[in-house]
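Per-entry structural report
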Amino acid sequence: MPDQDRADPTLRERLSGSALDVAPWLLGAHLTHAGDDGPVTVRITEVEAYLGAEDPGSHAFRGRTARNASMFGSAGHLYVYFTYGMHYCANIVCGTEGWATGVLLRAGEIVDGAELARERRSRPASDLDLARGPARLAQALGLDRRFDGSDALADPFRLVLPDEQPALVERGPRVGVSGAAGTEEYPWRFWLPAEPTVSRFRPGKRHPVRTVEP
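Cut-offs used in this document
- Residues numbered from 1 in each chain as written.
- Predicted model: local features only at pLDDT ≥ 70, side-chain atom pairs only at ≥ 80, totals over all residues.
- Heavy atoms only, no water.
- Buried < 20%, exposed > 50% of the residue type's maximum accessible area, 1.4 Å probe, protein only.
- Helix = DSSP H or I, 4+ residues; strand = E, 2+ residues; numbered from the N terminus.
- Contact = heavy atoms within 4.5 Å.
- pLDDT = per-residue confidence, 0-100.
- Salt bridge = Lys/Arg side-chain N within 4 Å of Asp/Glu carboxyl O.

1. Remarks on helix H4 (residues 134-141)
Within H4, 6 of the 8 residues are buried, which leaves the element mostly enclosed by the surrounding structure. Among the residues making up H4, those that are buried are Pro 134, Ala 135, Leu 137, Ala 138, Ala 140 and Leu 141. The elements touched by buried residues of H4 are strand S1 (30-35), strand S2 (38-50), strand S4 (87-94), strand S5 (101-112) and helix H3 (114-120). Phi for Gly 142, located one or two positions after H4, is positive at around 75°.

Okay, structure coming up:
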């Protein structure tokens, strides 16, 4: 695990930049959740950046709601949302308060607490699938809406960033995002190359082109 003190006063400052700058820094970072049933740590291998009101793919594109309120908080907090009526996904809030920018934790490798993660994930066929995909990652860490707005830099969480940004980072369009926000116009997904835990790319739905009769 990278050797960095959780109480480092520069850590929250590092997360207060643009999500496009923070996202690559989070690759290789370790996020630990020490729940009541024990700790699980994931090494993050894939992320996606979301830029609030500037980003048609963001939950905050049209402003603040009860669901996305945590995105408008200070850097280093979690935005955990419920999707498709069955899954939770987790983001690290970035930028300054009110920006509503963040980084989706899309995939990772469980490096501690694998047995507990297997139980939470109903024992998948391969450990590579324990946190491959944002819903699986959140489930392996035991995250749900109870932790929305929690500080990822304080108990029961610990976030440890690498000392340096990874030398090799791949980037491309985000997974499953509809419209232009899911195309090469927004190459805001970042991942570590050759990592087997990185999820497969899946394009979002294309909005139909409307024609107007003369």
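Next comes the rest of the description.
2. Topic: the confidence of the model for the protein
Taken as a whole, the protein shows an average pLDDT of 91; of its residues, 91% reach a score of 70 or greater. Note on residues 1-7: pLDDT under 50 across the span, and 22 contacts to partners over four residues away in sequence or across chains. Scored below 50 in pLDDT, residues 207-214 makes 2 contacts in the model with residues more than four places away or belonging to other chains.

3. Looking at the pattern of salt bridges
Within this structure, the stated rule accounts for 14 salt bridges. Of the charged contacts in the structure, one is a salt bridge between Arg 120 and Asp 37, with a shortest N-O distance of 2.7 Å. Taken together, the residues Arg 120 in helix H3 and Asp 37 in the loop between S1 and S2 connect sequence positions 83 residues apart. Take Arg 120: its relative accessible area is 16%, and that puts it in the buried class. As a salt-bridge pair, Asp 144 and Arg 146 come within 2.9 Å of each other at their nearest N and O atoms. The class for Asp 144 is buried, based on a relative accessible area of 17%. The class for Arg 146 is exposed, based on a relative accessible area of 65%. A cluster of three or more residues bridged by salt bridges with shared partners is formed by Glu 115, Arg 118, Arg 123 and Asp 127.

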